[in-house]
Structures are given as C-alpha cells and as structure tokens.
Amino acid sequence: MGKKIVIELTNRCNLACQHCFSGRHGGRADLPLATLQHLLAAAHSHGFTELSFTGGEPTLYPYFAQAIELTSRAGYRFAVNTNGWNFVQAY
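Residues numbered from 1 in each chain as written. Predicted model: local features only at pLDDT ≥ 70, side-chain atom pairs only at ≥ 80, totals over all residues. Heavy atoms only, no water.

This next bit is on the environment of His46. The residue His46 is located in the loop between helix H1 (33–43) and strand S2 (48–55) in this model. Taking the C-alpha atoms as reference points, His46 and Lys3, 43 residues apart in sequence, are found 8.7 Å from one another. (Helix = DSSP H or I, 4+ residues; strand = E, 2+ residues; numbered from the N terminus.)

Looking now at the packing of H1 against helix H2 (residues 64–73). Remark: H1 packs on H2, axes separated minimally by 10 Å, with the N-to-C direction vectors making an angle of 15°. Taken together, the axes of H1 and H2 lie roughly parallel to each other. The way H1 lies across H2 gives a crossing that is right-handed. Of H2, the residues touching H1 (which contributes Leu33, Leu36, Gln37 and Leu40) are Gln66, Ala67, Leu70 and Thr71. When its residues are assigned to classes, the contact of H1 with H2 shows 5 nonpolar, 3 polar and no charged. (Axes fitted to C-alpha atoms, helices over the stretch in contact; angles between N-to-C directions. Parallel < 35°, antiparallel > 145°, perpendicular 65-115°, else oblique. Left-handed = near helix turned anticlockwise from the far one by under 90°. Contact = heavy atoms within 4.5 Å. Nonpolar A, V, L, I, M, F, W, Y, C, P; charged D, E, K, R; others polar.)

Throughout the structure, instances matching the rule amount to 2 salt bridges. Of the charged contacts, one joins Asp30 and Arg12 as a salt bridge, the two residues approaching to 3.1 Å between their closest N and O atoms. With Asp30 in the loop between strand S1 (3–10) and H1 and Arg12 in the loop between S1 and H1, the pair connects residues that are 18 residues apart, well separated along the chain. Using a relative accessible area of 28% as the deciding quantity, one classes Asp30 as partly exposed. Assessed through its relative accessible area of 18%, Arg12 is described here as buried. Measuring nitrogen to oxygen at the nearest pair gives 3.0 Å for the salt bridge that ties Arg73 to Glu69. Of this pair, Arg73 and Glu69 are both found in helix H2, 4 residues apart, which corresponds to roughly one turn of the helix. A relative accessible area of 40% means that Glu69 is categorised as partly exposed. (Salt bridge = Lys/Arg side-chain N within 4 Å of Asp/Glu carboxyl O. Buried < 20%, exposed > 50% of the residue type's maximum accessible area, 1.4 Å probe, protein only.)

Rendered as structure tokens:
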C-alpha cells in the first residue's frame, strides 16, 4: 500500500451537523482546479498512490466531476468522504 494524500476540495457544506466543526465549513473557498491538477501531477513523484477527497462536502466542489475524471486518469486509487446528500445530483 502506497502513501495517501487527503485533499480538501472545498470548505463549504450543505449541512450543519452538530458533531462536525461546522464553523469552519461556512466559508466559500474552493481549491482552484489548476492547484488540483498540479497536486495530481506531482504527488506520484513523492510516493503517493492513493488519495481521499474531503471538505466541507466534496460534491459541492464546482469541478467535482472533473476532479474524479482527472484522478482516475492519473491512476490513483481514491475515496470521497461525503455526507451523501448530493450524490445523486453530482452524477
């Protein structure tokens, strides 16, 4: 098993769960797509083979479908930490 990197795509969330650090998920910041592309290109050379997308709610990321496609094409094993609320809308 290779090294794993966790990437926060957005700090926005569509829920306000009591167990979560909801105060930090009230922002409007999204990871620039160019930054994600750079991370995906560079991480292999540092031994990363797996990654996990998190947030906030990663399905709120405006480039979510592109992020999944880029990650898959780059050959990473990946997971998405989601509350599942928007998953049907994301696809």
